[in-house]
Amino acid sequence: MAFSSFSWPFRRRGTGGGGPSKPAAAAAAASSAGEEEEELGVTPQLLDFLRTLSPDTFKSAALQLQGGSAGVDAADLSGWQERHAVLVLSKAKELAKIRYDLCPRHMKDKQFWMIYFLLAKSYTSP
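Please read these numbers as outputs of a predicted model, since none were measured by experiment.

Draft legend 1. Representation of the overall build of the protein in the model. A tally of regular secondary structure across the protein gives six helices and zero strands. Of the regular secondary structure in the protein, the N- to C-terminal order runs α-α-α-α-α-α. When the 126 residues of the protein are sorted by exposure, 25% land in the buried category. Intrachain contacts of the protein at a sequence separation of at least 6 include 83% that bridge at least 24 residues.

The structure is reproduced here in structure tokens:
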């Protein structure tokens, strides 16, 4: 019996069949990432706006909120806001640095995100 007459149970994976090629899979992943960014409101306009923010912007907004209503308590983030926050921190390193500088020394994390969503309200739509 010749060697070639045995059936070989393991097939070499190649571009000849099976699944999508690596470039096609990468393009599909990029497309779904772009759709997620759009769904969560992380647009180029928002990222441009975030580059204009500074720690002082957040500090002054916190003072205005405290002065306007003494009993304001930051609510928990919604599911959409949590996903948006994670994505925007990965895309806007400037915002991540501001958050690192401010929390928790100058303000609580909840307060930071409450101020962020107030500032970015015109750029995001949940």
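Past the structure itself, the notes keep going.
Draft legend 2. Molecular detail of the environment of L53. Within the fold, L53 resides in the loop between α2 (44-50) and α3 (55-68). By relative accessible area, L53 is classed as buried at 11%. The spacing of L53 and E94 is 41 residues in sequence and 8.3 Å in space, taken between C-alpha atoms. Non-local contacts of L53, meaning those with residues more than four positions away in its chain, are made with F58, I98 and L119.

Draft legend 3. How the structure looks around the packing of helix α4 (residues 79-91) against helix α6 (residues 109-119). The interhelical angle for the contact between α4 and α6, taken along N-to-C directions, is 85°, at an axis separation of 12 Å. On the basis of the axis angle, α4 is roughly perpendicular to α6. In contact with W80, Q81, H84, A85, V88 and L89 of α4, α6 contributes W113, Y116 and F117. Among the residues forming the contact of α4 with α6, the class breakdown is seven nonpolar, two polar and no charged.

Draft legend 4. Up close: the packing of aromatic side chains. Scanning all chains against the criterion turns up seven aromatic pairs. Summarising the aromatic geometry, the rings of F112 and W113 are spaced 5.0 Å apart at their centres and angled 85° between planes, so their arrangement reads as edge-to-face. In this structure W113 comes out as buried when scored by relative accessible area, which is 4%. Ring plane angle 75° and centroid distance 4.9 Å describe the contact between Y116 and F117, whose orientation is recorded as edge-to-face. Overall, the relative accessible area of 0% leaves Y116 in the buried class. On the basis of relative accessible area, F117 is assigned to the buried category, the value being 10%. Here a set of aromatic residues connected by ring pairs shows up, and it is made of F58, W80, F112, W113, Y116 and F117.

The rules behind the values
- Residues numbered from 1 in each chain as written.
- Predicted model: local features only at pLDDT ≥ 70, side-chain atom pairs only at ≥ 80, totals over all residues.
- Heavy atoms only, no water.
- Helix = DSSP H or I, 4+ residues; strand = E, 2+ residues; numbered from the N terminus.
- Buried < 20%, exposed > 50% of the residue type's maximum accessible area, 1.4 Å probe, protein only.
- Contact = heavy atoms within 4.5 Å.
- Axes fitted to C-alpha atoms, helices over the stretch in contact; angles between N-to-C directions.
- Parallel < 35°, antiparallel > 145°, perpendicular 65-115°, else oblique.
- Nonpolar A, V, L, I, M, F, W, Y, C, P; charged D, E, K, R; others polar.
- Phe/Tyr/Trp six-rings, centres within 6.5 Å; stacked < 30°, edge-to-face > 60°.

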